[in-house]
Amino acid sequence: MNVGNNYYYLTQPDNCKSVVLWGGRGSGKTHDTIDYFMTHLFTQRYNSVVTRRYDRHVRATFDYFKTRLIDYPPNFLNLLKITSSPMRIINKLNRNIIFFEGLDNPDNSIKGIPKLNLGWLEEASEADADRYMTLYNTIREGNKNHLVSSFNPVSANNWTKRFFFESGFNSTNYHSTVEDNNFISNEYKSDLRNLKNVDKVRYEVDYLGKWGVLTDLVYFKSVKLIEKIPLNAQLIGAGIDFGI
């Protein structure tokens, strides 16, 4: 079983309750966090929860768990019970459970999970500070609690930049890029490097793991300011996705 750098970040004894894994694509954030949660499932006496902003997206993370577990030894898998409805991974020996819940699902309240002392907010940029703090305050069992947040820095205007890096909130932040991942193909690394010649913003975000800043946008190049709207002008509606 290959264990990446992010796994070792997560196991540091001086980590804060809030641990942030952020950076470029392909750096192993998801892969290593899954391994960390599986270790917790067998070495601790508490439950854990994996979340995303929307309940419908949590299943993708649940499926990623199952894909990752294919690489585990068969005798290890025999110790697990995996259910799809509801989504759970259960340790048959100690009865610890990894719950999978969306932050928007009122029918499966995370607040009702017993013995909860570890959480993961994947794709944290999809959520917001209020939902984060609700989850943060729910994880409180035992002497050492952790809430892991992982994301790519898609936009400098996203709440994650303000909250984790500018507000003074107490968190341990670890940055990584694809170059830190020793278990990914050289072809994938090359593809991300080549974004430099194709898309500067995606190169900054996906390869370098820097905050996305939209500049030199095509639809602003041809804009001309006028004093008043011509009488024969046709009014149309338009929208812009700012990625916030």
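Now for a description of the structure that goes with this document. (Residues numbered from 1 in each chain as written. Predicted model: local features only at pLDDT ≥ 70, side-chain atom pairs only at ≥ 80, totals over all residues. Heavy atoms only, no water.)

**Re the sheet that holds strand β7 (residues 146–151)**
Strand pairing within a sheet occurs via backbone hydrogen bonds; the two strands may be parallel or antiparallel.
And then number 1: Taken together, the eight strands give an open sheet; going across it, the order is β3-β4-β5-β2-β6-β7-β1-β8, and neighbouring strands pair in mixed fashion. Looking along the sheet, the strands with just one partner apiece sit at the ends: β3 (80–84) and β8 (172–176). Put simply, the sheet's adjacent strands are angled 15 degrees from each other on average, direction ignored.
And then number 2: One ladder, built from five bridges, connects strand β2 (residues 47–52) with strand β5 (residues 97–102); its direction is parallel. Paired with serine 48 across the two strands is isoleucine 98, which belongs to β5. (Pairing = 2+ DSSP bridges. Helix = DSSP H or I, 4+ residues; strand = E, 2+ residues; numbered from the N terminus. Axes fitted to C-alpha atoms, helices over the stretch in contact; angles between N-to-C directions.)

**Digging into the packing of aromatic side chains**
And then number 1: In this structure the tally under the stated criterion is 27 aromatic pairs.
And then number 2: Taken together, a centroid distance of 5.2 Å and an interplanar angle of 90 degrees make the contact between tyrosine 132 and phenylalanine 164 edge-to-face. Of the two residues, tyrosine 132 sits in helix α5 (residues 129–138) while phenylalanine 164 sits in helix α6 (residues 159–166), which places them 32 residues apart along the sequence.
And then number 3: The buried category is assigned to phenylalanine 164, whose relative accessible area is 4%.
And then number 4: Across the ring face of tyrosine 136, the terminal group of lysine 17 is positioned such that the distance to the ring centre comes to 4.1 Å.
And then number 5: Directly above the aromatic system of tyrosine 54 lies the positively charged group of arginine 56, at a separation of 4.6 Å from the ring centroid. (Phe/Tyr/Trp six-rings, centres within 6.5 Å; stacked < 30°, edge-to-face > 60°. Buried < 20%, exposed > 50% of the residue type's maximum accessible area, 1.4 Å probe, protein only. Lys NZ or Arg CZ within 6 Å of the ring centre and 35° of its normal.)

**As for the packing of helix α2 (residues 29–43) against helix α3 (residues 55–69)**
When two helices pack together, their arrangement is given by the angle between the helix axes and by the axis-to-axis distance.
And then number 1: For the pair α2 and α3, interaxial distance at closest approach is 10 Å and the crossing angle is 80 degrees. One element, α2, and the other, α3, form an angle in the roughly perpendicular class. Residues Thr30, His31, Ile34, Asp35, Phe37 and Met38 of α2 form the contact with α3, whose own contacting residues are Tyr64, Phe65, Arg68 and Leu69.
And then number 2: When the residues that make up the contact of α2 with α3 are grouped by side-chain class, the tally is six nonpolar, two polar and two charged. (Parallel < 35°, antiparallel > 145°, perpendicular 65-115°, else oblique. Contact = heavy atoms within 4.5 Å. Nonpolar A, V, L, I, M, F, W, Y, C, P; charged D, E, K, R; others polar.)

**What to know about the environment of isoleucine 184**
And then number 1: Structurally, the position occupied by isoleucine 184 is in the loop between β8 and α7 (186–193).
And then number 2: Judged by its relative accessible area of 23%, isoleucine 184 falls in the partly exposed class.
And then number 3: Taking C-alpha positions, isoleucine 184 is 8.5 Å from glycine 28, a pair spaced 156 residues apart along the chain.

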